[in-house]
Each structure stands twice: as structure tokens, then as C-alpha cells.
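So you can see what is in the structure, the chains are spelled out below.
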Amino acid sequence: MAGDGDHDPPLNGQRAYYRARAQEHDERFHRQGRYDRGVEPSRRWLEEIESARERPSAFRPEGNVLELACGTDLWTEQLLSHAARITAVDAAGEMPAINKASGESASTPTWSKTASRA
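Please read these numbers as outputs of a predicted model, since none were measured by experiment. (Residues numbered from 1 in each chain as written. Predicted model: local features only at pLDDT ≥ 70, side-chain atom pairs only at ≥ 80, totals over all residues. Heavy atoms only, no water.)

### Thoughts on the packing of aromatic side chains
Item 1. For the coordinates displayed, the defined rule picks out three aromatic pairs.
Item 2. Centroid distance Phe29 to Trp45: 5.7 Å. Interplanar angle 75 degrees. Geometry classified as edge-to-face. Taken together, the residues span a long stretch of sequence, with Phe29 in helix H2 (residues 25–29) and Trp45 in helix H3 (residues 39–53) at a distance of 16 residues.
Item 3. Residue Phe29 is classed as buried on the basis of its relative accessible area, which comes to 12%.
Item 4. Both rings, one in Phe29 and one in Trp75, keep their centres 6.0 Å apart while their planes meet at 85 degrees; by these two values the pair is edge-to-face. (Phe/Tyr/Trp six-rings, centres within 6.5 Å; stacked < 30°, edge-to-face > 60°. Helix = DSSP H or I, 4+ residues; strand = E, 2+ residues; numbered from the N terminus. Buried < 20%, exposed > 50% of the residue type's maximum accessible area, 1.4 Å probe, protein only.)

### With respect to the layout of surface pockets
Empty pockets left among the atoms are what a rolling probe the size of a water molecule brings to light.
Item 1. Looking at the largest pocket, its volume works out to about 410 Å³.
Item 2. Within the residue set of the lining of the largest pocket, elements represented by two or more residues are helix H1 (9–21) and H2.
Item 3. It is H1 that contributes the most residues to the lining of the largest pocket, five residues altogether.
Item 4. For the lining of the largest pocket, the class distribution of residues is nine nonpolar, three polar and six charged. (1 Å grid on protein atoms, 1.4 Å probe; cavity = no way out; pocket = protein on both sides within 12 Å on 5 of 7 lines; lining within 4 Å. Points joined across faces, edges and corners; volume = space filled by probe spheres on them. Nonpolar A, V, L, I, M, F, W, Y, C, P; charged D, E, K, R; others polar.)

As far as function goes, none of this settles anything; it's purely spatial.
See the structure below:
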């Protein structure tokens, strides 16, 4: 794609990787379907995720927050509980578009999303 980092092959490869996996990103994150590795590995993964979800409460981001590499916005909700406004960007525009289409985070009126165009 012109204007999409054509001059930077490693970045193009990274974008292609995430664009190709955008639809399965959340399934992989939640260890569902073909990404389910069994009860014990899933339990450990979920414990790690819960621990990570507590981090925004520890540093309490306030005001306007820029979330880089937001993916499908699994973490945006955590930030929204503290920040006045979130601008969530991702080089693979398909990632935030999935969340926008589902409307999962759109309930907060101060939330804005922008796909980056490097």
C-alpha cells in the first residue's frame, strides 16, 4: 500500500502479520478454539492477565491517554476506567476496526479511536 511504510520492509512485514491475524486476535488472547492449550495452561494465562489488568489501577492514567498498538482494544477498557479520553492507535487499522464494529468499548463518549498511517 502506498504511504503505508513501503520504504520499510520490516515494518511492512509486521503490519502484514497483524492484519492477517486481526480476526483471530481475541480468540488467541482468550485461549479459545484452536488456541486452547488445556485447563492448567489456560488457568495460568488467565491469572497472568488478571494481574496485568490491575496495573492501570496502580498508576491511574488521567487526562488524555495515547494507547499505542491498541490491537482490538482489550486493554482500552482498563485505561478508560481512569482516563478522561483515550486515543487508541494501531498500525494495523483492522485491529481497532474489529472492536469498533462490535461496539464493545464504544459506550464511553470520550473515547476516540484512530488508526495510524505511518
